[in-house]
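# Tertiary structure, described
One-letter residues, chain by chain:
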There are 2 protein chains.
Amino acid sequence: MTTPVKLTVSRRQRGTPYTARVEALGVSAYSIVNRTILPKGFRKTVEEDYWHLREHVQLWDVGCQRQIEVCGPDAAKLTQLMTPRDLRKAKVGQCFYAPLIDANAGMINDPIILKLSENRFWLSIADSDVALWAKGLAQGYGLDVAVQEADVWPLAVQGPKSDDVLETIFGSDVREIRFFRFKWLEFQGHPLLIARSGYSKQGGFELYLDKPSLGLALWDAIWNAGQSFNISPGSPNLIERVEGGLLSLGNEMTNANNPLECGLEQYCSFDPDLHYIGKTALERIRAAGITQQIRGVLFGTQKCPPCRQPWRISVEEMQVGIVTTAIWSPRFKQNVALGMLDRGYWTPNHPIVITDENGQRYAGKVVALPFPETAIST
Amino acid sequence: MTTPVKLTVSRRQRGTPYTARVEALGVSAYSIVNRTILPKGFRKTVEEDYWHLREHVQLWDVGCQRQIEVCGPDAAKLTQLMTPRDLRKAKVGQCFYAPLIDANAGMINDPIILKLSENRFWLSIADSDVALWAKGLAQGYGLDVAVQEADVWPLAVQGPKSDDVLETIFGSDVREIRFFRFKWLEFQGHPLLIARSGYSKQGGFELYLDKPSLGLALWDAIWNAGQSFNISPGSPNLIERVEGGLLSLGNEMTNANNPLECGLEQYCSFDPDLHYIGKTALERIRAAGITQQIRGVLFGTQKCPPCRQPWRISVEEMQVGIVTTAIWSPRFKQNVALGMLDRGYWTPNHPIVITDENGQRYAGKVVALPFPETAIST
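Note that the structure is a prediction, hence the values are computed from the model and not measured.

### Describing the sheet that holds strand E21 (residues 351-355) of chain A
Judged by pairing direction, the barrel is antiparallel, and its six strands sit side by side in the order E17-E20-E19-E18-E21-E22 (chain A) before closing back on the first. On average, each strand axis in the sheet is tilted by 40 degrees relative to the strand beside it, whichever way the strands run.

So, in structure tokens, the structure goes:
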């Protein structure tokens, strides 16, 4: 999903410890996330990458997933203040997908929170300056906590052969890491945080390198170990993430959305003893009932263009929602999309019409998330 | 300054009300600022654009300069809390270039602050989420203020013929707008904030359109009026901004820098009655004396590559600073750069050696900012 337009380079649009390898492998497109370059395509097409990710293993430079470190006596207090997810029983070594919201219950970010110790957390963030939000809160509330962007550069290994590749380097310990847990394993004598997580539904790990000077060595070690397993350079795959129902901040949700309409109710606690910013607003929204919610959309038998701005979803010419991300699925032989559907129209199989930004209309229908593994009858 | 790498498109990397015109005019490169596309090149080279900007007039889509609106009874209080610049005597209709700092006196942003009314300000920001910082502070301090990103999309008209072009549309009133002041003038019956400001030293205006549906009409009106004045589409010009000593957040300065070392002392008040976040830290830095400061650098008689990461500046093989932005100047027939020089080495004309990211070494010297209009003897 690229324009013919190039990206300028500067210090501001930061590289990562892996950029030299990514460019040597012929990266063709970048996205910018947290003022850091995210490789988005190599020599294969997004469809070739999709099949490869489902069958083999890929190495992704996701250094743009910056780590906001919250550290100090009030670290747990500040972290809990920022999210409706109940972290009171969180244990060291666990990862938590967590919506962050403001006083109006508007989405600020949806990081993975890693509990490193009782007084130290990393928030592995999507594309907004959580450090500034956290620092502002700490300053205003007078909390005893230090907030900074840590010098940590995640690398993702994703796909069904991920365990095989990492076992070659880290031994069988890596296989025992449970889903959304992490362990510290040694790389060249340096402790490396490895979590079973990642921005795909194909399994795999994220390696949180906190010593950038080891970046190329770590990349090379994985790359070399991966040769027997048909490894390729990759990136979050748009087809796979849409089918998997993985949301993207700034695409599927903005600060104008609350976590309930984003389908994140399972991560929102309303326990009376739990205190977090935005709870009153969120309770009010829950009591009134949400008016829209994210769904999958399946439409059209011709490839759609990339979605650069919300597309209209209509029923009998009345707007009933928007498409926020869309791409051709080689598996469904239709376009798959994520979008926000109004109440009354969000039931799976509801017929809808999608109009893209060029005015092209497509017949489609609502689909529950994630998209099914088996074919959908049309 | 582009790679051969393309930029992916999505809703997250936002277009502006002017994007359709920018793309029709053949934009060749984008940068991303505040998750919004900033056009960075058209059909001319950066050198051709440089001469054109100095002699004629250009139309720039700077919608990425997002407006953070601070509104309510505590708006002036919150705005002042965020900056060392003394805003106590600020008048409605004035613009203020202002460093924003955190409790450690680290730079957070360097917006232009527009005072719209006693209780309403726009912060026209560089590339960081000032809205989150301001909202965090407002939340923590319990201030009676609303903070939001306003639906405002600046368009810049820059170059010596800017007054001529805008007079055609807005009449002679526009000529009377003083430097860093603004007026509301009418466009198609809608009041439009026009300020005499902009990210060049060639004169001109910024038009703060708060009705995006008028975007194409406004672009077209300026474009058509500009035909008699040799208008061209443009963008902040790297050569011109380096020579003019205009800083770029994320390039010349990061959160690791304080405003004194960024050469912004004139915007920092130490009045005992003035209260702002980071004042204690800034006073301590001032008392101890800064250890480095931004300077111009002139070096090499061969074109340097784009600066993607800080380059080493050395004297007798000892590191004494970094170059953060560099580009060939057709006027000086040398490379011009901005960088941070250690105390003891920051005096103009001090000879230095620059080593770029490919290991290439260049002889150079320190230059006071802005670069002189007349030639520099070497």
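More follows now that the structure is in view.
### Some details on the interface of chain A and chain B
On the chain B side, the residues contacting the 47 residues of chain A number 47 residues. At the level of elements, strand E1 (2-8), strand E2 (29-33), helix H4 (130-141) and strand E19 (318-329) of chain A are the ones that each hand at least two residues to the side of chain A that touches chain B. Residue contributions to the side of chain A that touches chain B peak at nine residues, all from H4 of chain A. Partitioning the side of chain A that touches chain B into residue classes produces 19 nonpolar, 18 polar and ten charged.

### Some details on unusual backbone geometry
In most cases, non-glycine residues show a negative phi, while peptide bonds are predominantly trans. The amide bond that connects Leu 369 of chain A to the next residue, Pro 370 of chain A, takes the cis arrangement and shows omega of -10 degrees. Summarising the element assignment, Pro 370 of chain A is placed in the segment after strand E22 (361-367). The backbone phi angle of Glu 316 of chain A is positive, close to 50 degrees, even though this residue is not glycine. C-beta crowding within 10 Å serves as the criterion here: with 6 such atoms nearby, Glu 316 of chain A is assigned to the exposed category. In this structure, Glu 317 of chain B takes a positive phi of about 70 degrees despite not being glycine. In this fold, Glu 317 of chain B is placed in the loop between strand E18 (311-315) and strand E19 (318-329). Using a count of 6 C-beta atoms within 10 Å as the deciding quantity, one classes Glu 317 of chain B as exposed.

### Some words on the domain arrangement of chain A
Residue and element names in this part refer to chain A. Segmentation of chain A into domains returns domain 1 (19-65 + 152-241), domain 2 (67-136) and domain 3 (291-378). Taking only C-alpha atoms into account, the centre of domain 1 sits 24 Å from that of domain 2. Across the contact, eleven residues belong to domain 1 and ten residues belong to domain 2.

### Concerning the relation of the copies chain A and chain B
In the superposition of chain A on chain B (RMSD 0.0 Å, axial shift 0.0 Å), the rotation amounts to 180 degrees. Put plainly, the chains are arranged around a two-fold axis. Taken as a fraction of all interface residues of chain A, those also at the interface in chain B reach 100%, which identifies the copy contact as same-surface.

### Concerning the nonpolar core
The biggest cluster of nonpolar side chains holds 222 residues, and the ones touching the most others in it are Leu 78 and Ala 134 of chain A together with Leu 78 and Ala 134 of chain B. Discounting residues that sit within four places of it in the chain, Leu 78 of chain B has contacts with Val 70, Ala 134, Leu 137, Ala 138, Leu 143 and Val 145 of chain B.

### Section: the confidence of the model for chain A
Put simply, chain A has an average pLDDT of 96, and 98% of its residues get 70 or more. With pTM at 0.96, the complex prediction returns an ipTM value of 0.96.

### Digging into the packing of helix H3 (residues 75-82) of chain A against H4 of chain A
Residues and elements named next belong to chain A. Relative to each other, H3 and H4 sit at 120 degrees, their axes nearing to 11 Å. Relative to H4, H3 is oriented so that their crossing is right-handed. Residue-level inspection shows Leu 78, Leu 81 and Met 82 of H3 in contact with H4, the latter providing Ala 134, Leu 137 and Ala 138.

The rules behind these values
- Residues numbered from 1 in each chain as written.
- Chains lettered and ligands numbered in written order.
- Predicted model: local features only at pLDDT ≥ 70, side-chain atom pairs only at ≥ 80, totals over all residues.
- Pairing = 2+ DSSP bridges.
- Helix = DSSP H or I, 4+ residues; strand = E, 2+ residues; numbered from the N terminus.
- Axes fitted to C-alpha atoms, helices over the stretch in contact; angles between N-to-C directions.
- Contact = placed C-beta atoms within 7 Å.
- Nonpolar A, V, L, I, M, F, W, Y, C, P; charged D, E, K, R; others polar.
- Buried ≥ 20, exposed ≤ 12 C-beta atoms within 10 Å, placed from the backbone.
- Domains from an automatic or database assignment.
- Least-squares fit on C-alpha atoms with pLDDT ≥ 70 in both.
- Core = buried A, V, L, I, M, F, W, Y, C linked by C-beta atoms within 7 Å.
- pLDDT = per-residue confidence, 0-100.
- Left-handed = near helix turned anticlockwise from the far one by under 90°.

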